[in-house]
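# Coordinates in review
This is what each chain is made of:
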Amino acid sequence: MENFQAIYEEAKAAGIKAEQDYVAQYGEPLYCGFAWVDIPNGRSKFVNWCKKNGVGSKHWKKGWQIWRPTDNMTQSMDVLEAGAYAFVKVLRSHGIDAVSGSRAD
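Below, the structure is looked at part by part. (Residues numbered from 1 in each chain as written. Predicted model: local features only at pLDDT ≥ 70, side-chain atom pairs only at ≥ 80, totals over all residues. Heavy atoms only, no water.)

Since one α-helical turn is 3.6 residues long, residues separated by three or four positions face the same way. Between its first and last C-alpha, helix α3 (residues 77-93) extends 24 Å over 17 residues, near the 24 Å set by a 1.5 Å rise per residue. What α3 keeps buried is the set Met77, Val79, Leu80, Ala82, Gly83, Ala84, Ala86, Phe87, Val88, Val90 and Leu91. Packing partners of the buried residues in α3 comprise α1 (4-26), β1 (33-39), α2 (45-52), β3 (64-67) and β4 (99-104). Once α3 ends, the next one or two residues include Gly95, with phi positive near 80 degrees. (Helix = DSSP H or I, 4+ residues; strand = E, 2+ residues; numbered from the N terminus. Expected span 1.5 Å × (residues − 1). Buried < 20%, exposed > 50% of the residue type's maximum accessible area, 1.4 Å probe, protein only. Contact = heavy atoms within 4.5 Å.)

Next up, the structure:
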């Protein structure tokens with residue numbers, strides 16, 4: 001059985017680091033928006049773990065969504081996108097199908 005807690009923590013840490021690295025290099029752009037992670041298979045073992053542990057919510061269309069995956073409260077869409085992308089990269093490295101998404105405010 002996979003340790004989904006460890007995978008989630010690795011993904012979140014990677015996202016936080018990516019956000020910090022982005023801010024260190026570019027500052028915090030004032031382009032406001034949001035970013036999230038979508039997991040298309042809402043019945044996967046990882047999503048079942050998420051449900052049991054209060055991580056994310058049902059996507060309005062299908063699957064599962066983790067809104068603000070790093071819990072960063074900035075409104076800088078560029079920063080949030082960097083974190084969501086890094087989060088997804090870790091999930092994919094563990095065989096979990098995921099995509100990042102964003103939109104301007």
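To continue, consider the sheet that holds β3. Strand order in the open sheet formed by 4 strands is β2-β3-β1-β4, with antiparallel pairing between adjacent strands. Every interior strand has two partners, whereas the edge strands, β2 (57-58) and β4, have only one. Lying over the sheet, α2 contacts β1 and β3, oriented at roughly 55 degrees with respect to β3. Of the strands in this sheet, β1, β3 and β4 touch α3, which is tilted by about 15 degrees from β1. (Pairing = 2+ DSSP bridges. Axes fitted to C-alpha atoms, helices over the stretch in contact; angles between N-to-C directions.)

With that settled, the discussion passes to the side chain of Ser76. Tracing the sequence through the fold places Ser76 in the loop between β3 and α3. According to the relative accessible area criterion, Ser76 is buried, its value standing at 3%. If sequence neighbours within four positions are ignored, Ser76 has contacts with Glu28, Pro29 and Tyr31.

The full count for this structure, using the stated rule, is 2 salt bridges. The residue Asp71 makes a salt bridge to Lys12 at a minimum N-O spacing of 2.5 Å. Of this pair, Asp71 sits in the loop between β3 and α3 while Lys12 is found in helix α1, placing the two residues 59 residues apart along the sequence. (Salt bridge = Lys/Arg side-chain N within 4 Å of Asp/Glu carboxyl O.)

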